[in-house]
Amino acid sequence: MEQQPAAQPFEIGLNEREAEGIYSNLVFIAHSPSEVILDFARAMPGLQKPRVFARIIMTPAHAKSLLQALDQKSIGKLRW
């Protein structure tokens, strides 16, 4: 049997701008068989149209992993 090489740890860079984060109180979700698109927006009083501040495009497999991660963490246990 052939051994799989051990996964090497890697560092993820985070610029100052991204570290600040983006506030969103609205998300629009679109999908096709090959991608899931999440548009994070902010709806503000007095504005007729929410503005999209970030768009994340991912594969359905990654979207499913995100869903599972959210379900496993405390956020999935919140009662609204």
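Residues numbered from 1 in each chain as written. Predicted model: local features only at pLDDT ≥ 70, side-chain atom pairs only at ≥ 80, totals over all residues. Heavy atoms only, no water.

### Comments concerning the overall build of the chain
The criterion, for reference: Think of it this way: any DSSP run of H or I at least four residues long counts as a helix, any run of E at least two long counts as a strand, and we number them from the N terminus. Each residue's exposure class comes from its accessible area (1.4 Å probe, protein chains only) as a fraction of the maximum for that residue type: buried when under 20%, exposed when over 50%, partly exposed otherwise. Residue contacts are defined here by distance: any two heavy atoms, one from each residue, within 4.5 Å place the two residues in contact. Here the Shrake-Rupley method, with its probe set to 1.4 Å, supplies the accessible areas, and only the displayed protein chains count as covering residues.
When helices and strands are tallied, the chain shows two helices and three strands. Going through the 80 residues of the chain one by one, you find that 9% of them count as buried. For the chain, restricting intrachain contacts to residue pairs at least 6 apart in sequence, the fraction spanning at least 24 positions comes to 17%. Summing over all exposed atoms, the chain offers an accessible surface of approximately 8000 Å²; the carbon and sulfur share of this is 57%.

### As for the pattern of salt bridges
Formally: Any carboxyl oxygen of Asp or Glu that lies within 4 Å of a side-chain nitrogen of Lys or Arg is treated as forming a salt bridge with it.
According to the stated counting rule, one finds one salt bridge in the structure shown. Arg-55 is the salt-bridge partner of Asp-39, the closest N and O atoms lying 2.5 Å from each other. One end of the pair, Asp-39, is in strand E2 (residues 36-42); the other, Arg-55, is in strand E3 (residues 51-58), with 16 residues separating them in the sequence.

### Things to note about the sheet that holds strand E1 (residues 26-31)
Here is the rule we go by: Only strands joined by at least two bridges in the DSSP assignment are considered to pair. The convention used is that axes are lines fitted to C-alpha atoms, helices contributing only their stretch in contact, and that angles between N-to-C directions extend from 0 to 180 degrees.
One open sheet holds the three strands; their spatial order is E1-E2-E3, and the pairing between them is antiparallel. At either margin of the open sheet sits one strand with a lone partner, and together these are E1 and E3. In this sheet, adjacent strand axes meet at a mean angle of 20° when their direction is disregarded. Here E2 pairs with E3 via seven bridges, running antiparallel. In the sheet register, Arg-42 faces E3, and the bridge partner there is Arg-51.

### What about the confidence of the model for the chain?
Stated precisely, the cut-off is as follows: Across the chain, each position has a pLDDT score giving the predictor's confidence in that residue, from 0 to 100.
On average, the chain scores 87 in pLDDT, and the residues at 70 or more come to 88%. At the low end of the mean pLDDT range in the chain sits helix H2 (residues 60-72), at 91; at the high end sits E2, at 97.

### Description of the pairing of E1
Side-chain positions along a regular strand alternate between the two faces of the sheet. Sheet topology note: the E1/E2 ladder contains six bridges and is antiparallel. Bridge pairing in E2 links Phe-28 to Asp-39. Between the antiparallel neighbours E1 and E2 lie four residues.

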